[in-house]
Amino acid sequence: AAGVIQSPRHLIKEKRETATLKCYPIPRHDTVYWYQQGPGQDPQFLISFYEKMQSDKGSIPDRFSAQQFSDYHSELNMSSLELGDSALYFCASSFWGAVATEAFFGQGTRLTVV
Amino acid sequence: AQTVTQSQPEMSVQEAETVTLSCTYDTSESDYYLFWYKQPPSRQMILVIRQEAYKQQNATENRFSVNFQKAAKSFSLKISDSQLGDAAMYFCAYRSPQAGTALIFGKGTTLSVSS
């Protein structure tokens, strides 16, 4: 079965650079969630989208932005990168109303800022 | 706001033994969903088990079962017949019933399994 695809899997950037992370949800899933997991930390919710509209916002820095496209894939844009942005970034997808079921996670993008 | 607390940063168990991971949560909602996720060294987030708050019966998935105590707001995970492959970080997570809500995770418990 198709899973959530994230690209790239690994990314190394320098401070003050920009990065773009991509997420391709499971086919027909209409909702995408972004999470940030720092080293040894729990995943923190950043932002979510439903039908190309932002549906909820968590602890996403102003330097970050995201969008969902007509094919439901989503991109997380990160600017003015800081050392503290080094983390594993997860994307998860689900059907909008399917709160009782799991959100399916991608394998994550490991971002290292040097 | 809802919160999830896992009070055991680390736990250890021997192969074939049973271990219980604790999780408590705080919410004013009467209906919600609870999950346990496993994160092995590969860092992939894998669903272990889920529980709907309106169901009194505790969920079970093979060697994994939960003890859901709604009044106490407790949701512990029991792993029976532990295997080396169970070694991982385990996260307890809460989800509100509103459509599109995100998961709220606890800080996690690192489980090590020895032979």
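Not measured: the values here are computed from a predicted model.

Structural notes on the overall build of chain A
Looking only at helices and strands, chain A has 0 helices and 11 strands in total. Expected size for 114 residues packed as a compact globule is a radius of gyration near 13 Å; at 13 Å, chain A falls within 12% of this value. Dimensions of chain A, computed from the C-alpha atoms along their principal axes, are close to 40 × 25 × 20 Å. Of all 114 residues assigned to chain A, the portion counted as buried reaches 47%. Taking all contacts inside chain A whose residues are at least 6 apart in sequence as the whole, residues at least 24 apart take part in 53%. For chain A, the exposed area adds up to about 5,400 Å²; of that, 50% sits on carbon and sulfur atoms. Between the centroid of the 10 positive side chains of chain A and the centroid of its 12 negative side chains there is a distance of 5 Å.

Considerations on the nonpolar core
Counting 25 residues, the largest nonpolar core has Tyr25(B), Trp36(B), Phe75(B), Leu77(B) and Tyr90(B) as the members making the most contacts within it. Counting residues per element, the ones that place at least two in this core are β3 (19–21), β5 (33–39), β6 (46–52), β8 (64–69), β9 (74–79), β10 (88–95) and β12 (109–114) of chain B. For this core, the element with the highest residue contribution is β10(B), accounting for 4 residues. Residues contacting Tyr90(B), with those up to four places away along its chain left out, are Gln6(B), Leu21(B), Trp36(B), Tyr37(B), Lys38(B), Val48(B), Phe64(B), Leu77(B), Ile79(B), Gly108(B), Thr109(B) and Leu111(B). Judged by nonpolar contacts, the second largest core, of 22 residues, contains Ile60(A), Phe64(A), Ala87(A) and Tyr89(A).

Some remarks on the packing of aromatic side chains
Residue and element names in this part refer to chain A. For the structure shown, the criterion picks out 16 aromatic pairs over all chains. With a centroid separation of 5.6 Å and an interplanar angle of 40°, the aromatic rings of Tyr35 and Phe105 are classed as tilted. Here Tyr35, found in strand β4 (residues 31–37), pairs with Phe105, found in strand β10 (residues 104–105); they are 70 residues apart in sequence, far enough to count as distant. Taken as a pair, Tyr35 and Phe105 share a single burial class, namely buried.

So, the sheet that holds strand β1 (residues 5–7) of chain A
Residues and elements named next belong to chain A. Reading across the sheet, the 4 strands line up as β1-β3-β8-β7 and stay open at both edges, with antiparallel pairing between neighbours. Across the chains shown, the open sheet's two edge strands, defined by having one partner strand only, are β1 and β7 (64–68). Taking the axes of each pair of neighbouring strands and ignoring which way they run, one obtains an average angle of 15° across the sheet. Here β7 runs beside strand β8 (residues 74–78); their pairing, made up of 5 bridges, is antiparallel. Residue pairing across strands places Phe64 opposite Met78, the latter belonging to β8.

Points about the interface of chain B and chain A
The interface is formed by 23 residues belonging to chain B together with 24 residues belonging to chain A. Taking both partners together, chain B and chain A bury about 2,000 Å²; carbon and sulfur atoms supply 53% of that area. Counting every contact that joins chain B to chain A gives 1 salt bridge. The residue Lys107(B) makes a salt bridge to Asp42(A) at a minimum N-O spacing of 3.3 Å. The interface formed by chain B and chain A holds 9 residue pairs in polar contact (both at pLDDT 80 or more) in total. Contributing elements (two or more residues each) for the side of chain B that touches chain A: β5, β6 and β10 of chain B. The element that contributes the greatest number of residues to the side of chain B that touches chain A is β5(B), accounting for 4 residues. Partitioned by chemical class, the residues of the side of chain B that touches chain A number 11 nonpolar, 7 polar and 5 charged.

Re the state of the cysteines
All names here are of chain B. Counted under the stated rule, the structure contains 2 disulfides over all chains. With a sulfur-sulfur separation of 2.0 Å, Cys23 is cross-linked through a disulfide to Cys92. Judged by the sign of its S-S torsion, about -65°, the bond between Cys23 and Cys92 is left-handed. Linking Cys23 in the loop between β3 and β4 (24–26) with Cys92 in strand β10, this pair joins segments that are 69 residues apart in sequence. By the burial criterion, Cys23 is buried, and Cys92 matches it.

Conventions and cut-offs
- Residues numbered from 1 in each chain as written.
- Chains lettered and ligands numbered in written order.
- Predicted model: local features only at pLDDT ≥ 70, side-chain atom pairs only at ≥ 80, totals over all residues.
- Heavy atoms only, no water.
- Helix = DSSP H or I, 4+ residues; strand = E, 2+ residues; numbered from the N terminus.
- Rg over C-alpha atoms; globule rule 2.2 N^0.38 Å.
- Buried < 20%, exposed > 50% of the residue type's maximum accessible area, 1.4 Å probe, protein only.
- Contact = heavy atoms within 4.5 Å.
- Areas by Shrake-Rupley, 256 points an atom, 1.4 Å probe, with all protein chains shown as cover.
- Lys, Arg positive; Asp, Glu negative; His and termini not counted.
- Charge placed at Lys NZ, Arg CZ, Asp CG, Glu CD.
- Core = buried A, V, L, I, M, F, W, Y, C linked by side-chain atoms within 4.5 Å.
- Phe/Tyr/Trp six-rings, centres within 6.5 Å; stacked < 30°, edge-to-face > 60°.
- Pairing = 2+ DSSP bridges.
- Axes fitted to C-alpha atoms, helices over the stretch in contact; angles between N-to-C directions.
- Buried area = accessible area lost by both parts, 1.4 Å probe.
- Salt bridge = Lys/Arg side-chain N within 4 Å of Asp/Glu carboxyl O.
- Polar contact = N/O pair within 3.5 Å; in protein donor to acceptor, adjacent residues only side chain to side chain.
- Nonpolar A, V, L, I, M, F, W, Y, C, P; charged D, E, K, R; others polar.
- Disulfide = S-S within 2.5 Å.

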